[in-house]
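Here are the chains, one letter per residue:
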Amino acid sequence: MTNLTYSTYVTPSKPAVSNDLPPGEVRRMWSPTAATLISGERDAVLVDPLMTQAEGEDLAGWIAATGKNLTTIFVTHGHGDHFFGAAPVLDRFPTARMVALPSVVEGMRKQLSPAWLDGFWRARFPGQLPGRLVLAEPLEGDTFTLEGAELVAIDLGHTDTDGTSALYVPSIGLVVAGDSVYDDVHLYLAESVAGGIDHWLAALDVLEALHPAAVVSGHRQAGASDDPRYIDETRRYLKAFAAAQTRTSTALDLYNAVLAEYPDRLNRGVLWNSARAIKSD
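Residues numbered from 1 in each chain as written. Predicted model: local features only at pLDDT ≥ 70, side-chain atom pairs only at ≥ 80, totals over all residues. Heavy atoms only, no water.

**Regarding the packing of aromatic side chains**
Point 1. A full pass over the atoms with the stated rule returns twelve aromatic pairs.
Point 2. Judged by centre distance (5.4 Å) and plane angle (85 degrees), the ring pair of Trp-30 and Phe-125 falls under edge-to-face. Within this pair, whereas Trp-30 is found in strand β3 (residues 28-30), its partner Phe-125 is found in the loop between α4 (114-124) and β8 (137-138), the two being separated by 95 residues in sequence.
Point 3. A relative accessible area of 11% means that Trp-30 is categorised as buried.
Point 4. Seen in terms of ring centroids, Tyr-182 and Trp-200 are 6.1 Å apart; in terms of plane orientation they differ by 55 degrees. Their pairing is tilted. Within this pair, whereas Tyr-182 is found in the loop between β12 (174-176) and α5 (196-208), its partner Trp-200 is found in helix α5, the two being separated by 18 residues in sequence. (Phe/Tyr/Trp six-rings, centres within 6.5 Å; stacked < 30°, edge-to-face > 60°. Helix = DSSP H or I, 4+ residues; strand = E, 2+ residues; numbered from the N terminus. Buried < 20%, exposed > 50% of the residue type's maximum accessible area, 1.4 Å probe, protein only.)

This is the structure we're talking about:
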């Protein structure tokens, strides 16, 4: 069986159009986002093909430069910043198929609805999304292979949205965590109003039980270490946010309380969005 390897492509933070800015901030930024290429001798699997037309084109070029044949794109969850960029990649590798767990496909379908696509994504990134947006095929079962090596889709339920997953590569101890794990970036908790944090904590227990050797976070800085400790770092953040939620009464108080504990994490805008969703002043 082929010895697999992996590499990551991280697109940097970029401006997003928004009038709802955190206190003291002059513009809204989007978090840096990772795509992961798992490679054998000849073929490769891509996890999460990013968002914009330019990102998809650059990602396709990065894959082509490896000389690998892309056979599969796997999508970890339904948020558009992790799959809208698929079309330029598929244009470069037309025989590849894009797959996801059925619950993820349902989430993707919601993101393609006018309310989300036009009301949220195109409003924030005008003229930047691909003209063609592709929906994944539901994965049959929870496994597929790359040159004889098994890749396992791990159903995580709710993390930063409903119906999320991670991709586990047992032969090399790799977990591509999607947005179930964050690395030095503020967590998106706007969809965690009704018990979502508890569900997310349970999902982290599932990942930790795999005893991975490496964990790729969905939102991270370029050059991050892939250290499995970011599972626990994400857990600590969730617990700190939950504790701050109980002792504060307004969105601003919650924002400031979490910021006091995590002053150096990237993207205060996503923390502000989370606080505003959790607390209605």
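This is not the end of the story, as more comes after the structure.
**Remarks on the pattern of salt bridges**
Point 1. Inspection of the entire model under this criterion finds 16 salt bridges.
Point 2. Note that Glu-106 and Arg-109 form a salt bridge whose closest N and O atoms lie 3.2 Å from each other. With a gap of three residues between them, Glu-106 and Arg-109 both fall in helix α3 (residues 102-111), about one helical turn apart.
Point 3. A salt bridge links Arg-229 to Asp-227, with the shortest nitrogen-to-oxygen separation between them at 3.9 Å.
Point 4. Where salt bridges share partners, they join Asp-205, Glu-208, Asp-232, Arg-235 and Arg-236 into one cluster. (Salt bridge = Lys/Arg side-chain N within 4 Å of Asp/Glu carboxyl O.)

**Description of the sheet that holds strand β1 (residues 5-11)**
Point 1. A sheet is described by the order of its strands in space; here six strands give the open sequence β1-β4-β5-β6-β7-β8, paired in mixed fashion. The open sheet has two edge strands with one neighbour each: β1 and β8.
Point 2. Direction of pairing for strand β4 (residues 33-39) relative to strand β5 (residues 43-47): antiparallel, over a ladder of four bridges. Note on β5: the bridge partner recorded for Ile-38 is Val-45.
Point 3. Along the sheet face, α3 touches β7 (97-100) and β8 and points at about 105 degrees away from the line of β7. (Pairing = 2+ DSSP bridges. Contact = heavy atoms within 4.5 Å. Axes fitted to C-alpha atoms, helices over the stretch in contact; angles between N-to-C directions.)

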